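These are the residues of each chain, in order.
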Amino acid sequence: MEPVRQLDPIGIMAGLPARKVLQSLMRTGQEARFVGGCVRDAVIGVEAEDVDIATPLPPDEVMRRLKADGLRVVPTGIKHGTVTAICEGVPFEITTLRRDVESYGRHAKVEFTDDWLEDARRRDFTFNALSLSAEGDLYDPFEGLSDLAAGRVVFVGDARERIREDVLRVLRYFRFHARFGKGPPDPDAIAACAEHARLLPTLSGERVREEILRLLANDRAVQVWRLMLERGIVPHLLPWATDVDRLAALDRLEWMVGEADIMARLAALLPPGDDAARAVAERLRLSNTQRDRLVLLADPPLAVTAELTQTQRRAALQKLGPEIYRDLLMLHAAGHGVPSVEILEPLAEAAAWRHIPFPLKGQDALDRGVPAGPEVGRLVGEVEDWWAARDFRPDRDACLAELDRRIGIVR
Ligand code: ATP
Ligand code: MG
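Residues numbered from 1 in each chain as written. Chains lettered and ligands numbered in written order. Predicted model: local features only at pLDDT ≥ 70, side-chain atom pairs only at ≥ 80, totals over all residues. Heavy atoms only, no water.

Details of the overall build of the chain
Thinking step 1. When its secondary structure is counted, the chain shows 22 helices and 10 strands.
Thinking step 2. For 411 residues, the compact-globule formula gives about 22 Å, and the C-alpha radius of gyration of the chain, at 27 Å, lies well above that figure.
Thinking step 3. A buried classification covers 49% of the 411 residues belonging to the chain.
Thinking step 4. Nonlocal contacts in the chain, meaning residues at least 24 apart in sequence, comprise 64% of its contacts between residues at least 6 apart.
Thinking step 5. Split by element, the accessible area of the chain, about 19700 Å² in all, is 50% carbon and sulfur.
Thinking step 6. For the chain, the centre of its 56 positive side-chain charges and the centre of its 66 negative side-chain charges are spaced 2 Å apart. (Helix = DSSP H or I, 4+ residues; strand = E, 2+ residues; numbered from the N terminus. Rg over C-alpha atoms; globule rule 2.2 N^0.38 Å. Buried < 20%, exposed > 50% of the residue type's maximum accessible area, 1.4 Å probe, protein only. Contact = heavy atoms within 4.5 Å. Areas by Shrake-Rupley, 256 points an atom, 1.4 Å probe, with all protein chains shown as cover. Lys, Arg positive; Asp, Glu negative; His and termini not counted. Charge placed at Lys NZ, Arg CZ, Asp CG, Glu CD.)

Structure representation (structure tokens):
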């Protein structure tokens, strides 16, 4: 494989750590290159999120060389040829060149090789098969540079075959189409994705989550989600996530008033109520924090709208916190065609909101003879709502009097 041109690797090597790792591996000529997404990003002048390095050296030799240079090395996936070097706190994945012997799903059987072209053939899209040496030699075995420039996401090899090997590539296709695509997508690639969409349920929640959240964060998420709906992909992926019009409305609002949380973008696609949110959280193996947030957004304990009075707004801010409040307000506006100007003021209020400490504690209920248990929280919570509904004006004595009243103590 001959380099197609020179590219200053400074984009990737700007941080000295990457250079150190590469140099540690390159005792004798060209034994390591940057590969995949980080090279693609360097070509377009974007700083990559993560830096992958490939090498013909076997993993034990990689470990030996890096350790000899005093780097911390973790054998993160040594069976598949991957070790992670940590240099000045930055992790680098270093993978021995591989070729597929047998392909079935994620755990394709691989063999180590010293052939860079074999390794490039296993990569998903032509612009993800680029590699770059420390000297700046850029290798482009499948004309990925011209596809990138033209905004075409092109599978390496036969699209159908590559999707059958790993159906995650369907989701990667749409994610990269959102990020790099210009103009309409290639009809044959889309057809290949649509034909294999029924295999999507075989993917693990973690892999689907990663792809979907990254796709939804993209500026072109609305267009691409619409395309995935039209092509019958979504029913196999997240059958609940169909309200693309509401996502479009939320997206427009975000341009006008600032960003909502990614969970709000996901919630926008769902029908109201907690059932769909819980099902989505389960399918995507969301963390408990993410799940709780999604459920709260899909099934809020109180309505947050632009029509609330100031006291109601402040009570809602106190109860929900400013971020959930912001997301609920934006979701409501998105679902009801409320223009952005009508939520600007409440949003500004939310951004400046500071939690107001409630003057009572659970101990106050215990001191009054309420037995330890859920009743304590319920009572104190009720008094807190009462206090918030009065714009937080009642002082500790007034709150205690209200607590007494609720317990039935007559003063
Ligand atoms: P991003 O910038 O979003 O991280 P990326 O292309 O770097 O995009 P990664 O998931 O970090 O994506 O993967 C790094 C590289 O590994 C890819 O560029 C590609 O060459 C290869 N790769 C990753 N996942 C697959 C896959 N499912 N099938 C084939 N090749 C893959
Ligand atoms: Mg990457």
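A closer look at unusual backbone geometry
Thinking step 1. Positioned with a positive phi, Glu88 is a non-glycine residue whose angle comes to about 50°.
Thinking step 2. Within the element layout of this structure, Glu88 appears in the loop between β5 (82-87) and β6 (90-96).
Thinking step 3. The phi torsion at Arg285 lies on the positive side, around 50°, for a residue other than glycine.
Thinking step 4. Looking at the secondary structure, you find Arg285 in the loop between α15 (274-283) and α16 (288-298).

Some thoughts on the packing of aromatic side chains
Thinking step 1. What the rule picks out here adds up to 12 aromatic pairs.
Thinking step 2. With 6.4 Å between their ring centres and 50° between their planes, Phe125 and Phe127 make a pair best called tilted.
Thinking step 3. For Phe125, a relative accessible area of 0% puts it in the buried group.
Thinking step 4. Measuring from centroid to centroid gives 6.1 Å for Phe176 and Phe180, while their planes differ by 15°, and the two rings are stacked. Of this pair, Phe176 and Phe180 both sit in helix α8 (residues 168-180), four residues apart, roughly one helical turn. Here the two residues Phe176 and Phe180 agree in accessibility, since each one is buried. (Phe/Tyr/Trp six-rings, centres within 6.5 Å; stacked < 30°, edge-to-face > 60°.)

Comments concerning the side chain of Thr96
Thinking step 1. The residue Thr96 is located in strand β6 in this model.
Thinking step 2. Residue classification places Thr96 among the buried positions, given a relative accessible area of 1%.
Thinking step 3. Within the structure, Thr96 has its side chain in polar contact with the backbone oxygen of Leu57 (distance 2.8 Å).
Thinking step 4. Residues contacting Thr96, with those up to four places away along its chain left out, are Thr55, Pro56, Leu57, Pro58, Pro59, Gly81, Phe112 and Asp119. (Polar contact = N/O pair within 3.5 Å; in protein donor to acceptor, adjacent residues only side chain to side chain.)

Observations regarding the pattern of salt bridges
Thinking step 1. Scanning the entire structure with this criterion turns up 39 salt bridges.
Thinking step 2. Note that Arg226 is salt-bridged to Asp245, the shortest N-O span being 3.1 Å. One end of the pair, Arg226, is in helix α11 (residues 221-230); the other, Asp245, is in helix α13 (residues 244-257), and 19 residues separate them in sequence.
Thinking step 3. Salt-bridge contacts for Arg406 lead to Glu382; the nearest nitrogen and oxygen are separated by 3.0 Å. Taken together, the positions of Arg406 in helix α22 (residues 396-407) and Glu382 in helix α21 (residues 374-389) put the pair 24 residues apart, joining distant regions of the chain. (Salt bridge = Lys/Arg side-chain N within 4 Å of Asp/Glu carboxyl O.)

Here we look at the site of ligand 1
Thinking step 1. Near ligand 1 lie 17 residues; those nearest to it are Arg40, Asn128, Arg169, Arg175 and Arg214.
Thinking step 2. Take Arg169: an N or O atom from its side chain is 2.8 Å from a nitrogen atom of ligand 1.
Thinking step 3. One nitrogen or oxygen atom from the side chain of Arg175 is found 2.8 Å from an oxygen atom belonging to ligand 1.
Thinking step 4. Protein chains shield 83% of the accessible area of ligand 1, which is 590 Å² for the free molecule.
Thinking step 5. At the level of secondary structure, the elements contributing two or more residues to the shell around ligand 1 comprise α3 (37-43) and α8. (Near = heavy atom within 4 Å.)

Some thoughts on the state of the cysteines
Thinking step 1. A full pass over the atoms with the stated rule returns zero disulfides.
Thinking step 2. Cysteine Cys38 shares no disulfide, and the gap to the nearest cysteine sulfur, in Cys87, comes to 15 Å.
Thinking step 3. Take Cys38: its relative accessible area is 2%, and that puts it in the buried class. (Disulfide = S-S within 2.5 Å.)

A short note on the nonpolar core
Thinking step 1. Core analysis: the largest hydrophobic core is formed by 94 residues, its most contacted members being Phe174, Trp225 and Met228.
Thinking step 2. The residues touching Met228, leaving out its near neighbours within four places in the chain, are Leu171, Phe174, Leu215, Ile233, Val234 and Leu237.
Thinking step 3. With 29 residues, the next largest nonpolar core counts Met26, Ala32, Cys87 and Leu145 among its residues. (Core = buried A, V, L, I, M, F, W, Y, C linked by side-chain atoms within 4.5 Å.)

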